[in-house]
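# Understanding the architecture of this molecule
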Amino acid sequence: MQQTLQYTPVLNKPATLKMTRIDVLALVSILLLAAALRFMSPQVIDYRQDQADLVSLAQDVVEGKSIPLLGIPSSAKIPNSPVTAYMIVIPYLFTDNPITATLFIAAFNVLGVALLWFLARRYFNATIAHIAALAYAVSPWAINYSRSIWAQDYYTPIFLIALLLGLYGFIEGKRWAQIWCLPVFFIAMQIHMAAIVLFPVYLWIVWVGRKNISKTALAISAVLALITVIPFIIGISQSLLSDPVSANSFGVQRREFSLREIIKPYGQMAWLMTGLGLEQYIARAKADEFINTIGIPTLHWIFLGLVTAVGVVASWIRFPRYLTILVMLWAFLPLAALTVPVLSVAPHYFVASIAALCLLAGIGSDWIISSIRQRDPNSKLHYAFVLLLGLVFVTQSIFMVRATDFIDRNYLPTQFGSGPSVHYLLNIQDELKSYEDVVLIGNGDWVDISAHGSPVWESLLRQSATCVRDIISTDGFVVMPATPFAAVYTPRTIENDMIDSFYQQGEPEVIELRPEEGSYIIYSHSAPTGWDEDLVALPEAVEFSNAVSLSDYQLDDGRLTLEWQLPEKTHLNYDYVVEYVDDSNEVIGQQKFPFWPGDNWCAGDRLISQASLEVPDGTQSMSINLQHGAEPLPTTGDVQAIINP
């Protein structure tokens, strides 16, 4: 007979459950497998801008420079909570090696497998616990999101801890767990915003266990939860007050309203249920080569998806309503939220749901095995089912081993494709450790900058380089550090005569990456190099209120060359404006050009900028101003930089 809603957490009270030898053996075996798949080849991890930005924030904390109040920007154009970086502080207390940090995150996710096993064992049964944990241990998607320095990769174990605290606290009546449940939930939500849509899971547990609520415990819990958000609130407030121009850019990356976009999250949920689709997500342009090289037993894995679907039905038949609704919310709330075409959808928004889907696979498997045994106790058919399920888990494990090797050997140039394996970057790090100043020359496209730009190298060269800057080959800037430096050409950089004639001096050191990916080319500049074109000095150098100064210029056949002196870096960006003035001292036109981004500034650097002008007739002189937003910056003595055309 179908059970009704009840407040005892399981069919057998948790207090009577005891760990058997089979439980211990199964759990240890599953955790060893989970660890092997997550710890394998840590040197192959992806290390790009998101990872490097998190590491830089953690390094600031470790070195006592600052405690961040904001995390890195999210894809929704909203700053993340600093809690995303606080987690990374732990491994960086002991080492600056990103491989060690990756192993720490992998170990944390092995703990996540243990937490799922414990939840299933305590509130469902042993068979469900073993199968759910095994499915989670070998899931290609779970492994993919469990071994990178990326917020998506380490919030699920924290969510699982919050979930267990909720069940202990409100279902079993443990007041200490009631106190800690909400703060831990808030930490999970701050690590990745996808966890916010799972907040109704907490509300549901509180509602079901309302007879066990301690008002005092709930009040303390709310205060502690609020405390976890205080740094984020302060950070957002400071950002809005200090830079309203940037604040105006806060917003949501919307996706187009179409049937295809509405269906898209359902396809990604099917990927997570079966283990399929990883080749489309990682390899994209090389998906066919990926499949042909590795091989994917599609029918076997679809079988796992069908078993998971059976688990959805079986959970309503076999278990208390409160548990079933809990699992349904956990598994499918993100899917429901992303059905509305507001945010652009990606599989990492469903990471916490992977564990719930594996739990449903365990429930479905247990129901199928039990049904076969009930119909015919002497039947061996359930062995065939277990064998087929085991074949799925074996092939998924082999798939991830081969996929890791494929990623390390192949260049995958897509937005979420794999950047160069970190061991390649560490080889380059060894070559650059002897330089205090580094100039990186790149193309500026999304893949190039996110994988090879200064954010990546500032974190990797933290202990050796004083300053690292980006020069984009198409932007018309050359920077001249005041001390000896390395000029580093990142992979596939477009040729530019202005830049190449300055930086390409002497014999370079060439370090190859993966086939087709290109190479790093390092030119050593043992002494500061001067700009070899003649520049005209202004009558008086002009210093702007942001401490940037302008000293020299050249105007040659419509090309304006300016020489600037730079202060320390800033997170603000500026434009420089050329105003055309007639003989009556009236402005008759202007052109605006982006100035070099403030994140690249280093104190004492000389910057050369070039721009093509369209000088209107009647121009007698030109003035140069810096702007942030629409307002020009004040200058020392209110003097404008005047250039005679």
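Up top is the structure these notes are about.
So, here is what we can say about the structure in this document. Just so it is clear, the structure is predicted and the values come from calculations on it, not from any experiment.

Each value, and the rule that gives it
Residues numbered from 1 in each chain as written. Predicted model: local features only at pLDDT ≥ 70, side-chain atom pairs only at ≥ 80, totals over all residues. Heavy atoms only, no water. Disulfide = S-S within 2.5 Å. Helix = DSSP H or I, 4+ residues; strand = E, 2+ residues; numbered from the N terminus. Buried < 20%, exposed > 50% of the residue type's maximum accessible area, 1.4 Å probe, protein only. Contact = heavy atoms within 4.5 Å. Axes fitted to C-alpha atoms, helices over the stretch in contact; angles between N-to-C directions. Parallel < 35°, antiparallel > 145°, perpendicular 65-115°, else oblique. Left-handed = near helix turned anticlockwise from the far one by under 90°. Nonpolar A, V, L, I, M, F, W, Y, C, P; charged D, E, K, R; others polar. Pairing = 2+ DSSP bridges. Core = buried A, V, L, I, M, F, W, Y, C linked by side-chain atoms within 4.5 Å. Phe/Tyr/Trp six-rings, centres within 6.5 Å; stacked < 30°, edge-to-face > 60°.

With that out of the way, let us pick up the state of the cysteines. All chains considered together, the criterion is met by 1 disulfide. The disulfide that involves Cys467 links it to Cys602, with 1.5 Å between the sulfurs. The disulfide joining Cys467 to Cys602 has a torsion of about -60° about its S-S bond and is therefore left-handed. Of the two residues, Cys467 is situated in strand E2 (residues 467–472) and Cys602 in the loop between strand E11 (587–594) and strand E12 (606–612); the sequence distance between them amounts to 135 residues. Accessibility assignment for this pair places Cys467 and Cys602 in one class, buried.

Here we come to the side chain of Ser315. Mapped onto the secondary structure, Ser315 falls in helix H15 (residues 298–318). Not counting the four nearest positions on each side in its chain, Ser315 is found in contact with Thr324, Met328, Leu360 and Ile363.

Close contact between helix H5 (residues 126–138) and helix H17 (residues 351–375) brings their axes to 8 Å; oriented N to C, the two are set at 135°. Looking at the two axes, H5 sits oblique to H17. The chirality of how H5 crosses H17 is right-handed. Taken together, the residues of H17 that come into contact with H5 (itself represented by Thr127, Ile128, Ile131, Ala132, Ala135 and Tyr136) are Ile354, Ala355, Cys358, Leu359, Ala361, Gly362, Ile363, Ser365, Asp366 and Ile369. Of the residues assigned to the contact of H5 with H17, the class counts are 12 nonpolar, 3 polar and 1 charged.

Strand order in the open sheet made by the 5 strands is E2-E1-E4-E6-E5, with mixed pairing throughout. Each of the sheet's edge strands pairs with one partner strand only, and the pair in question is E2 and strand E5 (509–512). The mean angle between the axes of side-by-side strands here comes to 20°, regardless of whether they run parallel or antiparallel. For E5 and strand E6 (residues 519–525), the ladder comprises 4 bridges, and the chain directions are antiparallel. Note that in E6 the partner of Ile511 across the bridge is Tyr520.

Okay, the environment of Ala465 next. As for its placement among the helices and strands, Ala465 is situated in the loop between helix H21 (454–460) and E2. Under the relative-accessibility criterion, Ala465 is labelled buried at 15%. With 33 residues separating them along the chain, Ala465 and Leu432 place their C-alpha atoms 8.3 Å apart. Among all residues touching Ala465, those that are not within four sequence positions of it are Tyr435, Glu436 and Val438.

Counting 155 residues, the largest nonpolar core has Phe124, Trp330, Leu359 and Trp457 as the members making the most contacts within it. If one sorts the elements of this core by residue count, H17 sits on top with 14 residues.

We now examine the pairing of E2. Counting buried residues along E2, 6 of its 6 residues qualify, which places the element largely inside the surrounding structure. Residue alternation in E2 divides its side chains into two sets, Cys467, Arg469 and Ile471 and Val468, Asp470 and Ile472, and both sets are buried. As judged from the 6 bridges shared by strand E1 (residues 437–442) and E2, these two strands associate in the parallel manner. Paired with Ile441 across the strands is Ile471, a residue of E2.

A full pass over the atoms with the stated rule returns 30 aromatic pairs. Ring geometry for Trp301 and Phe399: centres 5.2 Å apart, planes at 85°, overall edge-to-face. With Trp301 in helix H15 and Phe399 in helix H18 (residues 381–409), this pair connects stretches of sequence that are 98 residues apart. We classify Phe399 as buried; its relative accessible area is 2%. Among the aromatic residues, those joined into a ring-pair cluster are Phe477, Phe544, Trp564, Tyr574, Tyr576, Phe593, Phe595 and Trp601.

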